[in-house]
Amino acid sequence: MTALLYFTSLLLVCYGVSSIDVMRYASVQYSILYYEFVDSSRTFYPSYGYPLDDEWKSTTATNGWTQGFFPGVLWNIVAYNATRESLKRAIDVTTPTAAFANNTGTHDIGFVIMSGFGNAYRLLKLSEYLDVIVTAAHSLATRYSPIVRCLRSWNSPTGYLVIIDNMMNLELLFEASNQTKDQTLYNIAWQHANRTMYEHFRSDNSSYHVVEYNETDGSVVRKYTTQGYADWSTWSRGQSWAVHGFTIAYRYTKYQPFLDKAIGAANYVLTHLPSSTDFVTYWDYDAPHNSTLAYQPRDTSAAAIFASALVELSQYAPTCNLKGSFLTNAKAIVDQLSTPQYLIYGDKDYKLPALLTNGTMGPYPKSPYDVSLAYGDYYLTQAIVRLAKL
């Protein structure tokens, strides 16, 4: 551990804080986390952490929704620059999450399995990885209601709740369908995306966090938030999930309205950034203009998710100008996230082995803010890998 910390310092000296190779830095930081994983008898999966702390708040391979992002970062490192050691680490950390594929009690199975096994199968094409994906897809499909035409997100005795985040889990269904030609899985994913497209957005393409449906007749009961500033406001990470999710839906379906919605939601973000030179959004797009609290935290995870989505979305843009705009903005976001202002090395007192700081977990100020988030690191490294492959 001491040697790795020394190498981190050496890396910063060699590269300089203004031009650090983020993926090489990720390799160093996540090497530290890998050895914590090994020392914990393979039960340590970082979830979130305070930069001044030495250790992350963690979960296990089969608990919660964030455990897939640790192996996800390691697979991004492999995709960027594969070595025998980086491949071994990615496989080691991914393998224990396989049991989660049987979990029918959560929609987050898509996040967990696709971040780990999804990337593993994409890179290695091993049948045992596809088996996990297919098992997980069938588990997720049990949460579908043909009446509501959506997958249930949260388990609630009082209503059928669907959150915008759930768009990200459709990749699991689409990929399993694509590999096995299972039309039922495809239809479930398509129906969920289609209903969400109509119910989760306002006329300006901003998104609601939660839509509650009547389980008996499928009608909408109410639209609200549990993560954002107010029911009428736009939670920034939710908007990023929307852009990313509909981009994925278009990738698999080539259904034009899904692309139109992804572009519309992306344009909402681009016209609501803090300024023309400040690309890291606040935790909610409306909170800084309405809250009585003077301090409003950023959410680097929302920025990273959005940047990664923009890279892929640019490849489907109908005009060269729009493609160029999306790519330029994606690069600008990644560049800003890669500065000392937002990376952990930017403050000499920060000790957490992470990449990004200034993440906001949930509704401010009730939830942790100005923290490192596993999914922030995952989507930043994903965005960098995607840009590198263009």
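Everything numeric here is computed off the predicted structure, so don't read it as measured data.

A.B. asks: Looking at this model, I keep getting lost on the sheet that holds strand β7 (residues 220-224). Mind explaining?
C.D. replies: One open sheet holds the 3 strands; their spatial order is β5-β6-β7, and the pairing between them is antiparallel. Looking at the sheet topology across the chains shown, the edges are occupied by β5 (160-163) and β7. Within the sheet, the average angular offset between the axes of one strand and its neighbour, ignoring direction, is 20°. Inspection of the sheet shows β5 paired to strand β6 (residues 210-213) by 4 bridges, in the antiparallel sense. When the sheet's bridge partners are listed, Y160 is paired in β6 with Y213.

A.B. asks: Help me understand the packing of aromatic side chains, please; the structure alone is not making it clear to me.
C.D. replies: Ring pairs (aromatic) are described by centroid distance and by the angle formed between their planes. Under the counting rule described, the total for this entry stands at 34 aromatic pairs. Between Y30 and F70, the ring centres sit 6.0 Å apart and the planes meet at 45°, which makes this aromatic pair tilted. In this pair, Y30 sits in helix α2 (residues 22-39) while F70 sits in helix α3 (residues 69-80), placing the two residues 40 residues apart along the sequence. Given the relative accessible area of 2%, Y30 is considered buried. Owing to a relative accessible area of 0%, F70 belongs among the buried residues under this scheme. Here a set of aromatic residues connected by ring pairs shows up, and it is made of Y30, Y34, Y35, F37, F44, Y45 and F70. In this arrangement the basic side chain of K261 is found over the ring face of F201, its NZ or CZ atom lying 4.6 Å from the centre. Above the face of the Y282 ring, R298 is positioned so that its terminal group lies 4.3 Å from the ring centre.

A.B. asks: Looking at this model, I keep getting lost on the pattern of salt bridges. Mind explaining?
C.D. replies: Side chains that carry opposite charge are capable of pairing whenever their charged atoms lie near each other. Counting across every chain of the model gives 13 salt bridges. Its salt-bridge partner being E85, residue R89 comes within 3.0 Å of it at the nearest N-O pair. Of this pair, R89 and E85 both sit in helix α4 (residues 84-94), 4 residues apart, which is roughly one turn of that helix. Across the salt bridge formed by R298 and D278, the nearest N and O atoms sit 2.8 Å from each other. Of this pair, R298 sits in the loop between α11 (287-290) and α12 (300-314) while D278 is found in the loop between α10 (256-270) and α11, placing the two residues 20 residues apart along the sequence. Neither R298 nor D278 differs from the other in exposure class; each is buried.

A.B. asks: I would appreciate a short explanation of helix α8 (residues 183-199) in the present structure.
C.D. replies: With 17 residues, α8 extends 24 Å from end C-alpha to end C-alpha; this agrees with the ideal 24 Å at 1.5 Å per step. Inspection of α8 places L185, I188, A189, H192, A193, N194, R195, T196, M197 and E199 among the buried residues, and these make up the whole buried set. In this structure D182 caps α8, since a side-chain oxygen of it lies 3.0 Å from the backbone nitrogen of T184.

Definitions and limits used
Residues numbered from 1 in each chain as written. Predicted model: local features only at pLDDT ≥ 70, side-chain atom pairs only at ≥ 80, totals over all residues. Heavy atoms only, no water. Pairing = 2+ DSSP bridges. Helix = DSSP H or I, 4+ residues; strand = E, 2+ residues; numbered from the N terminus. Axes fitted to C-alpha atoms, helices over the stretch in contact; angles between N-to-C directions. Phe/Tyr/Trp six-rings, centres within 6.5 Å; stacked < 30°, edge-to-face > 60°. Buried < 20%, exposed > 50% of the residue type's maximum accessible area, 1.4 Å probe, protein only. Lys NZ or Arg CZ within 6 Å of the ring centre and 35° of its normal. Salt bridge = Lys/Arg side-chain N within 4 Å of Asp/Glu carboxyl O. Expected span 1.5 Å × (residues − 1). Polar contact = N/O pair within 3.5 Å; in protein donor to acceptor, adjacent residues only side chain to side chain.

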